[in-house]
Structures are given as structure tokens and as C-alpha cells.
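Remarks on the overall topology
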Amino acid sequence: FSVGLLPQYTGSTVQFSGLTFTGGRAIGAGGAIRSSNASLVVSDCVFTDNQAGNFGGAISLNRFDLTVTNCVFRNNASAIDDGGAIGAVGGRVSISGSTFEGNATGPTNRKGGAVFVGGGELAIDRSRFTNNSAPNGGAVFGGGVVRISSSVLTGNAATGPGGGISVDAGATLT
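Residues numbered from 1 in each chain as written. Predicted model: local features only at pLDDT ≥ 70, side-chain atom pairs only at ≥ 80, totals over all residues. Heavy atoms only, no water.

**With respect to the sheet that holds strand β25 (residues 172-173)**
A sheet is described by the order of its strands in space; here seven strands give the open sequence β2-β6-β10-β14-β17-β21-β25, paired in parallel fashion. Edge positions in the sheet fall to β2 (12-17) and β25, since each of these pairs with one other strand and no more. For β2 and strand β6 (residues 38-43), the ladder comprises six bridges, and the chain directions are parallel. Considered in β6, the bridge of Gln15 is made with Val41. (Pairing = 2+ DSSP bridges. Helix = DSSP H or I, 4+ residues; strand = E, 2+ residues; numbered from the N terminus.)

**Quick look at the nonpolar core**
If you look at the biggest cluster of nonpolar residues, it comprises 33 residues, and the most contacted ones within it are Phe47, Ile59, Phe73 and Ile86. At the level of secondary structure, the elements contributing two or more residues to this core comprise β2, β6, β9 (59-62), β10 (66-69), β13 (86-89), β14 (92-96), β16 (115-118) and β17 (121-125). For Ile59, the residues in contact, after removing those within four places along its chain, are Gly30, Ile33, Leu40, Val42, Phe47, Leu66, Phe73, Ala85, Ile86 and Gly87. (Core = buried A, V, L, I, M, F, W, Y, C linked by side-chain atoms within 4.5 Å. Buried < 20%, exposed > 50% of the residue type's maximum accessible area, 1.4 Å probe, protein only. Contact = heavy atoms within 4.5 Å.)

**Quick notes on the pairing of β10**
Here β10 shows a buried face lined by Leu66 and Val68 and an unburied face lined by Thr67 and Thr69. Here β10 pairs with β14 via four bridges, running parallel. Residue pairing across strands places Leu66 opposite Val93, the latter belonging to β14.

**Here we look at the sheet that holds strand β8 (residues 51-52)**
In sheet architecture, strand pairing relies on hydrogen bonds along the backbone and comes in two forms, parallel and antiparallel. Read from one edge to the other, the open sheet built from three strands follows the order β4-β8-β12, with strand pairing classed as parallel. The open sheet is flanked by β4 (25-26) and β12 (77-78), the only strands paired with a single partner. Relative to β12, β8 runs parallel, the two being bridged by two bridges. Note that in β12 the partner of Ala52 across the bridge is Ser78.

**Digging into the environment of Asn50**
Along the chain, Asn50 falls in the loop between β7 (46-48) and β8. The spatial distance from the C-alpha of Asn50 to the C-alpha of Asn75 is 7.3 Å, given a sequence separation of 25 residues. Those residues in contact with Asn50 that lie beyond four places of it in its chain are Phe21, Thr22, Gly23, Gly24, Arg25, Gly31, Ala32, Gly57, Ala58, Asn75, Asn76 and Ala77.

**Side note on the side chain of Ser166**
Note that Ser166 resides in strand β24 (residues 165-167). Owing to a relative accessible area of 9%, Ser166 belongs among the buried residues under this scheme. Of the polar contacts made by the side chain of Ser166, one reaches the side chain of Asn136; its length is 2.7 Å. Setting aside its immediate chain neighbours within four residues, Ser166 contacts Asn136, Gly137, Val140, Phe141, Gly142 and Pro161. (Polar contact = N/O pair within 3.5 Å; in protein donor to acceptor, adjacent residues only side chain to side chain.)

That's the geometry; what it means functionally is another story.
In C-alpha cells, the structure reads:
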């Protein structure tokens, strides 16, 4: 199923645990989940075959925080924009113990086959990225502070810079 979040109180936190999101479709952003005014905590979830018309094939987030723990993202796509599985602008995105496989962005100058974070902070720990693709940053694209530890990136592809990881000019990668 697909969820569009418009919580009553801006700045609230919404949690999802133990759910499967399959075949969600959005003309705009967030094929499974879209949040423009709440932080998200997602744990032990599976996202498969979700598609957004533009941004964040499975999850789209704007200016709030996202925490992803022990999730699987497989074959999600952003048709014409960034973030094949996750697309976020601003805020903090923290990913741990998760798997990203076969996610993709649109074919022209798009970024982050699995994960796109424009500005803000991105922290990835103990996660696996396999066979994701995008023109720029086949697996991961970061536009602010990017920290990746104890993770495996294999078989990811980009037609431009960064088959595995790409960062914006001025971004910090550790």
C-alpha cells in the first residue's frame, strides 16, 4: 500500500514497523511513503517494486528526519528524478542494518540509485547496496555531510560519476 502523510501537527514523528510496501505508485513523490511535515522512523519493513513519478521511489521526505533500521528496499524506482528507493531533502537520514538491491533513478542526470540526500546529513552503518543504478551515484548520493561505515557496496553502476557513491561539491564524506 501507499501512504501520504499529513499529520495534524507539523514536526511530529510517525513510526512504521514490520510492514511490507509492495507495488505502490505515485504520480509525484514517494511511491510508498511521502512526508512533507513529519519525521519518520521505519524499522523491519520491506519495500518492493514501488515507483514514484519523480522523487523517492519508495520514500520521499522533505526537511525532516528519517531513521531506517533493518529494512529491505528492492526494485524501487524514481522514474524521472532522484532517489530510486529513498529521496530526502534536508534533515538527517540515518540508515542501519538495511539492504538496497536493484533500485534505480530516471535515465537523465539523476542522482542516488538507492539513496539521495540533498543537503542535511546522511549516516549509513552496517548496510548493503547491490546492483543499484543512476546516472550519478549508482548507490548513494549525498549533498551535505555523508558518513558511511561497516557497509558493503557491490555491483552498483552510474553512467556518470560515482558508481557506488557520489557527493556534491563542498559535501563532506567520511
